[in-house]
Amino acid sequence: AANITLTGGDGGGGAFIGNSNSQTVVGGGTISVAATGGNLVMHTSADGTQRSAIRSIGGAHRSISLSATGNIDAAGGRLDTAGNLTTNSGLNTTFGLTTAGSLLATATGSITNTQTVTVTGAGSLNMTSGGPIVINADLTTANGLITLDAATSLTNNATISNGGGT
């Protein structure tokens, strides 16, 4: 797809890929979303109360892979997986509310987070940017390795914690 846009709906509805919080049995699996000719954008609802979401947390195998030749803008979204979260953007990546078993983010331009990014368990958090990395909300792991590799600058406006690990 050239551009992919997910927008949360007012009053509890929303754009959603994966399994919802209201399912009695939580599913998992591999979710791959690719904007092969443009941007991948996740918006909140017009009233600002609902996030669009991509979620894979149950089952034996679970992962999310996002790619775009342009920007990945998940500032208005929620990315949630108990497994691996991999992003690769041809321009910039912006994270909204994010929880993953491990995170590997690569961007030709900048990487920014507007909401908390959490890696659970002993998973690693790795961000590699061809431009700056800007941390605007907490960035944490439960005891995993954190690697922030910015080609130009690293700006930290929040807490970066690996839970006491190395």
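Residues numbered from 1 in each chain as written. Predicted model: local features only at pLDDT ≥ 70, side-chain atom pairs only at ≥ 80, totals over all residues. Heavy atoms only, no water.

Draft legend 1. Quick peek at the overall build of the chain. A tally of helices and strands in the chain yields zero helices and 20 strands. Within the chain, buried positions represent 40% of all 166 residues. Within the chain, contacts between residues at least 6 apart in sequence are counted, and of these 34% link residues at least 24 apart. (Helix = DSSP H or I, 4+ residues; strand = E, 2+ residues; numbered from the N terminus. Buried < 20%, exposed > 50% of the residue type's maximum accessible area, 1.4 Å probe, protein only. Contact = heavy atoms within 4.5 Å.)

Draft legend 2. A look at the nonpolar core. Judged by nonpolar contacts, the single largest core of 27 residues is most densely connected at Leu-40, Ile-54, Leu-66, Leu-79, Phe-95, Leu-103 and Met-127. Residue assignment for this core shows that the elements contributing at least two residues are β3 (28-35), β4 (40-43), β6 (58-68), β12 (102-107), β14 (117-119), β15 (125-129) and β16 (133-135). Residues in contact with Leu-40, not counting those within four places in the same chain, are Ile-4, Val-33, Ala-35, Leu-66, Ala-68, Asn-71, Ile-72 and Asp-73. (Core = buried A, V, L, I, M, F, W, Y, C linked by side-chain atoms within 4.5 Å.)

Draft legend 3. Local environment of the side chain of Ser-129. Structurally, Ser-129 is set in strand β15. Setting aside residues no more than four positions away along its own chain, Ser-129 makes contact with Ala-107, Gly-109, Ser-110, Ile-111, Asp-149, Ala-150 and Ala-151.

Draft legend 4. Summary view of the environment of Thr-120. Relative to the assigned elements, Thr-120 resides in the loop between β14 and β15. For the pair formed by Thr-120 and Thr-99, sequence separation is 21 residues and the distance between their alpha carbons is 7.2 Å. If near-sequence neighbours (up to four positions away) are discounted, Thr-120 is found in contact with Thr-99, Ala-100, Gly-101 and Ala-142.

Draft legend 5. The arrangement of the side chain of Thr-93 in detail. Checked against the element boundaries, Thr-93 lands in strand β10 (residues 93-95). A polar atom in the side chain of Thr-93 sits 2.7 Å from the side chain of Ser-89. Discounting residues that sit within four places of it in the chain, Thr-93 has contacts with Ile-72, Thr-87, Thr-106, Ala-107, Ser-110, Ile-111 and Thr-112. (Polar contact = N/O pair within 3.5 Å; in protein donor to acceptor, adjacent residues only side chain to side chain.)

Draft legend 6. The arrangement of the pairing of strand β9 (residues 84-89) in detail. Residue alternation in β9 divides its side chains into a buried set, Leu-85, Thr-87 and Ser-89, and an unburied set, Asn-84, Thr-86 and Asn-88. In terms of strand pairing, β9 meets β12 through six bridges, oriented parallel. The residue bridging Ser-89 from the neighbouring strand is Ala-107, located in β12. (Pairing = 2+ DSSP bridges.)

Draft legend 7. Region of interest: the pattern of salt bridges. Per the stated rule, a full pass over the model turns up two salt bridges. In this structure, the salt-bridge partner of Arg-55 is Asp-80, at a minimum N-O distance of 3.3 Å. Here Arg-55 is found in strand β5 (residues 52-56), whereas its partner Asp-80 is found in strand β8 (residues 77-81), with 25 residues between them in sequence. Take Arg-55 and Asp-80: they sit in the same class, and that class is buried. Residue Arg-78 is joined to Asp-80 by a salt bridge in which the shortest nitrogen-to-oxygen separation is 3.0 Å. When its relative accessible area of 30% is taken as the criterion, Arg-78 is described as partly exposed. (Salt bridge = Lys/Arg side-chain N within 4 Å of Asp/Glu carboxyl O.)

Distances and angles like these do not, on their own, reveal function.
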